[in-house]
Amino acid sequence: MIEVRELTKSYGPTLAVDQVSFDANAGEVVGFIGPNGAGKTTTMRILTCYLTADAGNATVAGYDVLEHAIDVRKNVGYLPESAPLYADMGVVEYLKFMAEVRDLPKSQRKERINTVIDICGLEGVIQKDIGELSKGYRQRVGLAQSLIHDPPILILDEPTSGLDPTQTIEIRNLIIEMGKEKLVLFSTHILPEVAATCSRILMINQGEIVANGTLEELIDQVRSEERIHLVIRGPEEDITPELKALDAITGVSQSIMDNGVVTYEITTSQDGYEATSAIFRAAQQNSWDLVELRQETIDLENIFLHYSTGENRSPSNNTEPSTDVSPAEEE
Ligand code: ADP
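Here is what the cut-offs are and how they apply
Residues numbered from 1 in each chain as written. Predicted model: local features only at pLDDT ≥ 70, side-chain atom pairs only at ≥ 80, totals over all residues. Heavy atoms only, no water. Near = heavy atom within 4 Å. Polar contact = N/O pair within 3.5 Å; in protein donor to acceptor, adjacent residues only side chain to side chain. Areas by Shrake-Rupley, 256 points an atom, 1.4 Å probe, with all protein chains shown as cover. Helix = DSSP H or I, 4+ residues; strand = E, 2+ residues; numbered from the N terminus. Buried < 20%, exposed > 50% of the residue type's maximum accessible area, 1.4 Å probe, protein only. Pairing = 2+ DSSP bridges. Right-handed = clockwise from strand over helix to strand, strands pointing away.

Peer 1: Sorry, what's going on with the site of the ligand here?
Peer 2: Around the ligand sit 13 residues in total, of which Gly-37, Gly-39, Lys-40, Thr-41 and Thr-42 are the nearest. Ala-38 places a polar main-chain atom, nitrogen or oxygen, 3.0 Å from an oxygen atom of the ligand. Within the side chain of Lys-40, a nitrogen or oxygen atom sits 2.8 Å from an oxygen atom of the ligand. In isolation the ligand has 560 Å² of accessible area, and contact with the protein removes 71% of it. Elements with a contribution of two residues or more to the shell around the ligand: strand E2 (14–24) and helix H1 (40–47). The biggest single contributor to the shell around the ligand is H1, with 3 residues.

Peer 1: Is there a simple way to think about the pairing of strand E7 (residues 153–156) in this case?
Peer 2: As a general feature of sheets, a regular strand has side chains that alternate between the two faces. Where burial is concerned, the two faces of E7 agree: the one with Ile-153 and Ile-155 and the one with Leu-154 and Leu-156 are both buried. Bridge analysis of strand E6 (residues 76–79) against E7 gives 4 bridges, and the strand direction is parallel. Among the inter-strand pairings, Val-76 is bridged to a residue of E7, identified as Ile-153. Between the parallel pair E7 and strand E8 (residues 183–188), the chain is carried across by helix H6 (residues 165–179), and the sense of this crossover is right-handed.

Peer 1: Looking at this structure, how should I read unusual backbone geometry?
Peer 2: As a rule of thumb, non-glycine residues mostly have phi less than zero, and peptide bonds are mostly trans rather than cis. In this structure, Ala-61 takes a positive phi of about 55 degrees despite not being glycine. By the element assignment, Ala-61 lies in the loop between strand E4 (55–60) and strand E5 (63–64). A positive phi angle is found at Asp-103, which is not glycine, with a value near 65 degrees.

Peer 1: Any chance you could explain the environment of Ser-134 here in plain terms?
Peer 2: Note that Ser-134 resides in the loop between helix H4 (106–119) and helix H5 (135–147). Take Ser-134: its relative accessible area is 34%, and that puts it in the partly exposed class. Measuring from C-alpha to C-alpha, the distance between Ser-134 and Leu-230 comes to 48 Å, with 96 residues separating the pair along the chain.

Peer 1: Would you mind going over the sheet that holds E5 with me for this structure?
Peer 2: Each strand in a sheet pairs with another by means of backbone hydrogen bonds, the pair being arranged parallel or else antiparallel. Taken together, the 4 strands give an open sheet; going across it, the order is E2-E1-E4-E5, and neighbouring strands pair in antiparallel fashion. On the outer flanks of this sheet lie E2 and E5, each paired with one strand and no other. Alignment of strand E1 (residues 2–11) against E4, held across 5 bridges, turns out to be antiparallel. Note that in E4 the partner of Glu-3 across the bridge is Thr-59.

Here it is as structure tokens:
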């Protein structure tokens, strides 16, 4: 339903989107994740015909975004990062206005407005002006307008940004619900959000797609180099060679702490549990004074770091509480 090929866009000297390619299909909830400034909004604006790419092409619902903008917009509901809601308009008045803008036949407007009010849980605020609503409800109104013409594709830019945890969960649930029937592509810079909501993850960093796959696929690829954290009190010059001699170990780096305590960061190409056991056995045999031994858990942060470092990038790859993917860059 969405096909993107080598899309590229610069703002003056800033290369915002760099040969981005991906596909997304009906029935998927695709999480578009990357730090601030990664190129998510720019990509989404190109896909919704609000921006023109410098190179590459994209089709949405089978329509080229350059040549058939009207058809693309008919098939897409778009929630921009800061939805242009009119503060002094009533909720229903605004939805009527958007139904008109979307060219919805007059005979269908009332029914669609009632439907989106129902889907987005707006019954309690239909008497209010948009300016009176909380951020969470304003975001629901934004979602309601994106759904008003019942498009098969939804493109949502940071739909949970600025919401409190309860509002965030409500919007996530709405996304999951909508994803049962529609293709939903939504951006976020909050890693656990994608784990909670998406069937597929598209990671972008500095304008490039760095990973594309289900959470399990991405974890499996990272698992090929699991890490173990080891702390031992004892002479590093004796311990490091013993560690390196173990079959499972592919790399050892160490930092010397106070009081003869040394921290080792170990990588293994084998199953992390087996390597951890092998280290434990070596510690017993050598009577090492073991302070700490633990396998690093693989979470989305590890995955993001793995795919964001140059050597691990694979652009053609097919692919709880909030944590940012990396320090925020300027927007
Ligand atoms: P994201 O949505 O991932 O935060 P954006 O697509 O907004 O990323 O931005 C990508 C890059 O393009 C950033 O370096 C940003 O500063 C730059 N950028 C975005 N919009 C503009 C603009 N209108 N003018 C100049 N630079 C822009």
